[in-house]
Number of protein chains: 10
Amino acid sequence: MEFLVRSENNLPRDTPEHVQRQLRAEERQRAQELREAGILRRLWRVPGRNAAIGLYEAADATELHTALTSLPMWTWMDISIEPLATHPQEMPPS
Amino acid sequence: MEFLVRSENNLPRDTPEHVQRQLRAEERQRAQELREAGILRRLWRVPGRNAAIGLYEAADATELHTALTSLPMWTWMDISIEPLATHPQEMPPS
Amino acid sequence: MEFLVRSENNLPRDTPEHVQRQLRAEERQRAQELREAGILRRLWRVPGRNAAIGLYEAADATELHTALTSLPMWTWMDISIEPLATHPQEMPPS
Amino acid sequence: MEFLVRSENNLPRDTPEHVQRQLRAEERQRAQELREAGILRRLWRVPGRNAAIGLYEAADATELHTALTSLPMWTWMDISIEPLATHPQEMPPS
Amino acid sequence: MEFLVRSENNLPRDTPEHVQRQLRAEERQRAQELREAGILRRLWRVPGRNAAIGLYEAADATELHTALTSLPMWTWMDISIEPLATHPQEMPPS
Amino acid sequence: MEFLVRSENNLPRDTPEHVQRQLRAEERQRAQELREAGILRRLWRVPGRNAAIGLYEAADATELHTALTSLPMWTWMDISIEPLATHPQEMPPS
Amino acid sequence: MEFLVRSENNLPRDTPEHVQRQLRAEERQRAQELREAGILRRLWRVPGRNAAIGLYEAADATELHTALTSLPMWTWMDISIEPLATHPQEMPPS
Amino acid sequence: MEFLVRSENNLPRDTPEHVQRQLRAEERQRAQELREAGILRRLWRVPGRNAAIGLYEAADATELHTALTSLPMWTWMDISIEPLATHPQEMPPS
Amino acid sequence: MEFLVRSENNLPRDTPEHVQRQLRAEERQRAQELREAGILRRLWRVPGRNAAIGLYEAADATELHTALTSLPMWTWMDISIEPLATHPQEMPPS
Amino acid sequence: MEFLVRSENNLPRDTPEHVQRQLRAEERQRAQELREAGILRRLWRVPGRNAAIGLYEAADATELHTALTSLPMWTWMDISIEPLATHPQEMPPS
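Rules used in this analysis
- Residues numbered from 1 in each chain as written.
- Chains lettered and ligands numbered in written order.
- Predicted model: local features only at pLDDT ≥ 70, side-chain atom pairs only at ≥ 80, totals over all residues.
- Heavy atoms only, no water.
- UniProt positions renumbered as here; feature names shortened; annotations may be inferred.
- Contact = heavy atoms within 4.5 Å.
- Buried area = accessible area lost by both parts, 1.4 Å probe.
- Salt bridge = Lys/Arg side-chain N within 4 Å of Asp/Glu carboxyl O.
- Polar contact = N/O pair within 3.5 Å; in protein donor to acceptor, adjacent residues only side chain to side chain.
- Nonpolar A, V, L, I, M, F, W, Y, C, P; charged D, E, K, R; others polar.
- Pairing = 2+ DSSP bridges.
- Helix = DSSP H or I, 4+ residues; strand = E, 2+ residues; numbered from the N terminus.
- Axes fitted to C-alpha atoms, helices over the stretch in contact; angles between N-to-C directions.
- Least-squares fit on C-alpha atoms with pLDDT ≥ 70 in both.

By the naming in an unreviewed UniProt entry, chain A goes by Muconolactone Delta-isomerase and is assigned to Lipingzhangella halophila. The record held by UniProt for chain A lists under Pathway (unreviewed entry) the comment "Aromatic compound metabolism; beta-ketoadipate pathway; 5-oxo-4,5-dihydro-2-furylacetate from catechol: step 3/3." Reading the Sequence similarities (unreviewed entry) entry of the UniProt record for chain A gives the comment "Belongs to the muconolactone Delta-isomerase family."

Below, the structure is given as structure tokens:
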């Protein structure tokens, strides 16, 4: 099942630079693992903000929650989720 | 997967009474079929409104959409859906 | 009477890990007591968030308030409540 | 249990005057019955609007729903409800 | 004139317990004085929140402001006010 | 007591021109009467909209409601009201 | 440039069935043309609603507007658009 | 003084095509007059909607209101206005 | 040109009392200067809040911005502004 | 492609004055570079607020994001972006 996941990253601005770099590297690595697991499909930047919109695929919301909370910066993220249904135009002809 | 489904019924007030009765009977019957299929789990009335909140279970949002659009009064409904993840407190002890 | 209870947990991120573990354990225990008292009926996780949606049953809003404020993490919770009326489809046939 | 009930009356403006008078008379009468039943406690006008705020008391949201839908003009009303808990300052000293 | 007063109490959670007890006692006492002055008519708890809804009566908004700002915890309160007009159904028959 | 009154005029666009002229003339006349009665103090146009913001003065919200509903176009108006308290800077020196 | 396009279809419910079928067929065909032109990338159904979320790619907002207004049902659509920036994680390694 | 003017055009969809063409032509002509008068500075289309955002310049909000209401399609427009102050970076060096 | 200016004063509660007194005195004095300059016309208190609504008059939004930012407590204020157009009923008969 | 960029500057009030001056100078300089690059077209102050509205032009949202994040005070800014399509009235006659 596909989900649209909107996340604002509220990592405090005064977080030491080296910690930020470390977290971003770990975040990039974990995201890559989620890509390889077929969970993270696409990721866009919301222009002008420290925020992203992602297209995720998971068996259900419970699996999605597990994936999202595995992101190193999850605890600083304000996340909202929209469930997506398959559109008739993208269904294989019956 | 479980979903919380909120629906406002905007059936026009001037719909002839006999049509309303017919639709409500068909709605009740279809809802019962969804219960028996294990899709409609619980249904509550929003006090004071022609609106309901339902707990549904479906494989994914696509199956849920199919179930909801099969309700006779769906075309008059304003629906919003929240995906629900299993809470750790309700998970079987690992 | 049934209520839908939505709660965002705003426990500060920099709360020491051991305190968080302690609070979560106490929370789990208190929730279990509320289950056994027939007050907490169902509990879901809002996917992606440190938030939950619960189905509660209490004599009235006053009893519900007492139950919720008995939760160890209540003071950090942002809670909103919806009263639920019994739906005609779930009423015993008259 | 007490409830705060907010209702906007959307009776179409072009409803014939005699129908409006009839409805208002029936509404006043039904409201009086609800007062005598101890269900309708107080009723205020929202200044400037065809809207009211009422303090209601009912066993639960289901009984409240039954009372509200018994009002002749209910079908034209846009209603929202807030459950009220007893404030500690209004509890008899324990 | 009657007013509906909604107040969220944002007293910081880390306020020392004895200070909180002191403030609550002073708040209770001041509220009682406002009751005796006929200004505070009813007070309800918003279930699940450190918030209240009150029915107040004052000559005008200026007197109401004076009463509210006299509450010891006013400075931590987020308050919104709705003016209430007398409903025709509660007017003495002309 | 002073009130800020915001009103959107939703007179249907297809109202015959002569009816609109008649209503506007009656509206202007009634407004003038309210000015002379000291109830309507100031009136501004919301630029770009068929809407106005008015400064009214009335004994209370009930009197204000009576004044507003006496306006010929009231039934087409969407009105919201803010109670105003006297600012310390505009109080006579104590 | 990529855009997230959210559209609610407000085709009047009482549109004759054959007209609806005709419009849906034309819509499906036009959407297919936009796919082949590389403009419409993905399309999802918002579960429970006559609404869709689409991932579009266009040179700019003007080209996107031209594409959207070419959809037969555009005139009945309530559309909102979010511009998407490429996320660093999806940029080719510099 | 500059203003940002946002307008949604709610011209009914079933307005005869020839009337729509006529109105659009008159609208284009009037807009051109406002450009030549230095009142309409820039005009953008909100992508996907029958809506526009305009940069206007007028002596004050009253003159702006007069200009906007002179547009043939004004009566079908839902308009909101933001006043703009000159930014220090665009002020001539003092 | 007239403006309606809404301001919430977010001066931190733990600001030392003598600093608050000093700021309020300076604020009162500056406001008086703005009155004498014909810029600040009326000022009301929002009942129950540390907030005000003011009627200001200035050549344009730039002059208004300069006036508002000259207030000693401006930096703690959350301000929103509505431009006001002269109402036909308050225009001198043409 | 043009964008409307709204930004609230949340630079903490207790930032030392010399740091604020330094940041503002760097911000002014960077903005000037963006002007010269044809990216920043116009900039207005939101009257009464430490906020701005800018008209930007960039190849796409990714280039816009790069430009905005190059501003020294970006990390303290709360930014929202609206994509703008060319209006037919501003298109060269076809």
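There's plenty left to go through after this.
(A) Structural view of the interface of chain D and chain F. In this complex, chain D contributes 7 residues to the contact, which on the side of chain F involves 10 residues. In total, chain D and chain F occlude about 750 Å² of area from one another, counting both sides; carbon and sulfur atoms represent 52% of this. Inspection of the region where chain D meets chain F yields 1 salt bridge. Here R49 of chain D makes a salt bridge to D78 of chain F, at a shortest N to O gap of 2.5 Å. Seen at the junction of chain D and chain F, the total is 5 residue pairs in polar contact (both at pLDDT 80 or more). Classifying every residue of the side of chain D that touches chain F by side-chain character gives 2 nonpolar, 2 polar and 3 charged.

(B) Representation of the sheet that holds strand β4 (residues 77-86) of chain A within the structure. Ordered in space as β1(A)-β3(A)-β2(A)-β4(G)-β1(G)-β3(G)-β2(G)-β4(A), the 8 strands form a closed barrel in which the pairing is antiparallel. Across the sheet, the axes of successive neighbouring strands diverge by a mean angle of 35°, strand direction being ignored. Relative to strand β2 (residues 40-45) of chain G, β4 of chain A runs antiparallel, the two being bridged by 2 bridges. Each bridged residue has a counterpart across the sheet, and for T86 of chain A the counterpart in β2 of chain G is W44 of chain G. Its contacts with the sheet put helix α2 (residues 61-69) of chain A on β1 (2-9), β3 (51-57) and β4 of chain A, and the angle it makes with β1 of chain A is roughly 30°.

(C) Broad picture of the UniProt feature "domain: Muconolactone isomerase" (unreviewed entry) in chain A. The positions UniProt marks with the feature "domain: Muconolactone isomerase" (unreviewed entry) are residues 1-89 of chain A. Within residues 1-89 of chain A, the helical portion is 33% and the strand portion 35%, while the C-alpha atoms at the span's ends are 17 Å from each other.

(D) How the structure looks around the relation of the copies chain A and chain G. Mapping chain A onto chain G is achieved by rotating through 180° and translating by 0.0 Å along the same axis, at an RMSD of 0.0 Å. Considering both components of the superposition, the chain copies are consistent with a two-fold axis. Taken as a fraction of all interface residues of chain A, those also at the interface in chain G reach 100%, which identifies the copy contact as same-surface.

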